[in-house]
Amino acid sequence: MSSTPVTGDATGAAPSESDTAPARKKPGWRALAAALKNRKTVYMLLFGFASGLPYTLLLSTLYAWMSDTAIDLETMGVFSLIGLTYAFKFLWSPLLDQVDLPGLKRLGHRKQWIVTAQFLLGGVLLVVSRLDPAGAIGVLSLMAAVGAFAGATQDVVMDAWRVDVADHEATIDILSTVYQLGWRTAVLVGGALALVIADRTDWPTVYAIMGVLMLAIAAAAIFAPEAEQSVASIAADDEALRELRDAGQLHPRVRGWALSIVGVLWGWALITVGVFMFRSLSSNPDARPDSVEFITGMGPIIVIATVVVPVIIAAILENWRRKGRYTLGTPAAKQGVWDGFVDHGYRALILPLTEFVGRLGWAVIIVLTLVLSYRFTDTVWGSFAYPFYLGELQYTKDEVAIASKGFGVGALMFGIMLGGALFSFIGRMAVLFIGALTAALSNLLYADLALGGTYMELVSNYTGFTTLVEWLGGDLRLAKLMMAIAGENVAGGLAGAALVAYLSSITAKGYSAVQYALLSSLTFLIGTLGRGALGQMIDEDGYYPVFILTTALGMIAVAACIVEWIRQARLGRRAGVVAPEAGG
């Protein structure tokens, strides 16, 4: 990845890697093997594990412990609110890009936050291991909330670290793939293995072991490589602040108004989420607000207010700056504390967006269309999967667990690894296109199940999969479900690896934490907005038409991938690079 600053836009940020990769031979097995041995790749796998472990322990496995201690379902429901911390982690991402921790800055701009968050997580898990959920539910809630905040924080910074340290050996694509593999491995360790250990010992032992494991990861993270350009980035950041007052830059009053509008929107979002969580965690069960209603109702509004509207504002500002409207005719000196506050606030909140819009130009419409539509079928379908399996198709909970949580997880990890391997041979955009296409078409597998599973039966019988399932104690019905889930999960794993790599490739190093956090939040927006309408359609027309519709809607992402692929190919040819084929 290039560390050359963008000139003339007061950002000091590096262009995306896919736009700056030098011409080189398309990598194959040797390059893939070298990347997997790279120190950065090893740490990315470790960081993926460190991300998935606390998420699983605090938002999933903890429910099993509370069930064993007879905690009521109402109280368990409150713990789902902790997931809001992960849903809205982008709200404090600007601070992680700009603020240094006293005494820890020497670790590196990203590592100071990663190491701190991981040590905090290790400590939280050890404290949790000493608690009795039945007698200390208040303290347990507080510890879980602190742990979720630390986990979400490390996620933001590790996403930025991945962008910062990627190079032509440890590429964005490979780092994105191993990160997801590490995350999925942590889900198995923090979920299935934790249950096995608890069955043979007890829950405090499980959380103590996991706490020590997180502390060991935190200690290892101290020695992780830091981005080579971090010193240059600091200098570029200082230069960006100075350039804000150069001739040709937007007038401070205009920047102040833009910062005020975006700041009010972000402040409102933080207060809204904070008040909701406080009311939910401190109220009696009868007085608690509905968390599902809040997430489905307010969630999209918060994302629109804090992401979509600021992006539109950034586009307007960049257009004004380029056309010379509301700009400085001569350099303007900074006067007083307020000017400094506006400059730093603008640098933290607005510049990441104006850099993104300014770098992409009108192509930002293509990119946002792709980001908004790419995981639509996954996000909108997740809420209806179990009602479909258990209610519509009348599978048992054990059958769904075997097909979805057992066999399905293996299929998902295979899809992730397949995506990682394909990056090195056919390139990022080709994998992104295949992921979008297969994710959309995988809805047809469920459409077939909704009509009885005729084609799933044919495939299962023809491949011998039915015989294997029957030999293991299952039957044809279970084999059909497993085939459908396997197909969808392989496509989902491949698409997920491709999207993470793509999002990482279009963020600039100078603003990677903010840009990636904002883009990743958009991937869930359309799916969240569409759940209500889709649920009504299921009630009125059944599941089959819904699967046909979601397949058709998935083609929007396929079309966006094709257009973006063509755009990057043209961009690469003009610059004399082979970015779309490089996979890096």
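- Going by an unreviewed UniProt entry, the protein chain carries the name MFS transporter and comes from Croceicoccus marinus.
- Here the protein chain is described in UniProt, under the heading Sequence similarities (unreviewed entry), as follows: "Belongs to the major facilitator superfamily."
- Quoted verbatim from the Subcellular location (unreviewed entry) field of UniProt, the annotation for the protein chain is "Membrane".

## Structural notes on the nonpolar core
- Counting 132 residues, the largest nonpolar core has Phe47, Tyr207 and Tyr374 as its most contacted members.
- Looking at which element gives the most residues to this core, the answer is helix α3 (residues 39–68), with 13 residues.
- Beyond its immediate sequence surroundings of up to four residues, tyrosine 374 is in contact with Val431, Leu432, Gly435, Ala436, Ala495, Ala498, Leu499, Ala557 and Cys561.
- Among the nonpolar cores identified, the runner-up in size contains 30 residues, and Phe376, Trp381, Phe465 and Ile538 belong to it.

## Structural notes on helix α20 (residues 443–450)
- Among the residues making up α20, those that are buried are Asn443, Tyr446, Ala447, Asp448 and Leu449.
- Positive backbone phi, at 120 degrees, marks glycine 452, one or two positions downstream of α20.

## A look at the side chain of serine 129
- For serine 129, the location among the structural elements is in helix α7 (residues 111–129).
- Classification of serine 129 by relative accessible area gives buried; the value is 9%.
- Among the polar contacts made by the side chain of serine 129, one reaches the main-chain carbonyl oxygen of leucine 126 at a distance of 2.5 Å.
- When neighbours within four sequence positions are excluded, serine 129 is seen to be in contact with Trp65, Pro204, Tyr207 and Ala208.

## Things to note about the pattern of salt bridges
- This model, assessed by the stated rule, comprises 12 salt bridges.
- Here aspartate 100 and lysine 105 are joined by a salt bridge, their closest N and O atoms 3.6 Å apart.
- The salt bridge involving glutamate 318 is made with arginine 321; its shortest N-O contact spans 2.9 Å. Taken as a pair, glutamate 318 and arginine 321 lie in helix α13 (residues 291–323) at a separation of 3 residues, close to a single helical turn. Each member of the pair, glutamate 318 as well as arginine 321, is classed as buried.

## Things to note about the confidence of the model for the protein chain
- In this model, the protein chain carries a mean pLDDT of 81, and residues with pLDDT of at least 70 account for 84%.
- Every residue in residues 1–27 scores below 50 in pLDDT, and together they form 83 contacts with partners more than four places removed in sequence or on other chains.

## Here's the deal with the packing of helix α9 (residues 172–200) against helix α23 (residues 476–505)
- Here α9 crosses α23 at 130 degrees, and the two axes come no closer than 8 Å. Looking at the two axes, α9 sits oblique to α23. The element α9 and its partner α23 pack so that their crossing is right-handed. Residues Ile172, Asp173, Ser176, Thr177 and Gln180 of α9 form the contact with α23, whose participating residues are Gly496, Ala497, Val500, Ala501, Ser504 and Ser505.
- The residue makeup of the contact of α9 with α23, split by class, is 4 nonpolar, 6 polar and 1 charged.

What counts and what doesn't
- Residues numbered from 1 in each chain as written.
- Predicted model: local features only at pLDDT ≥ 70, side-chain atom pairs only at ≥ 80, totals over all residues.
- Heavy atoms only, no water.
- UniProt positions renumbered as here; feature names shortened; annotations may be inferred.
- Core = buried A, V, L, I, M, F, W, Y, C linked by side-chain atoms within 4.5 Å.
- Buried < 20%, exposed > 50% of the residue type's maximum accessible area, 1.4 Å probe, protein only.
- Helix = DSSP H or I, 4+ residues; strand = E, 2+ residues; numbered from the N terminus.
- Contact = heavy atoms within 4.5 Å.
- Polar contact = N/O pair within 3.5 Å; in protein donor to acceptor, adjacent residues only side chain to side chain.
- Salt bridge = Lys/Arg side-chain N within 4 Å of Asp/Glu carboxyl O.
- pLDDT = per-residue confidence, 0-100.
- Axes fitted to C-alpha atoms, helices over the stretch in contact; angles between N-to-C directions.
- Parallel < 35°, antiparallel > 145°, perpendicular 65-115°, else oblique.
- Left-handed = near helix turned anticlockwise from the far one by under 90°.
- Nonpolar A, V, L, I, M, F, W, Y, C, P; charged D, E, K, R; others polar.

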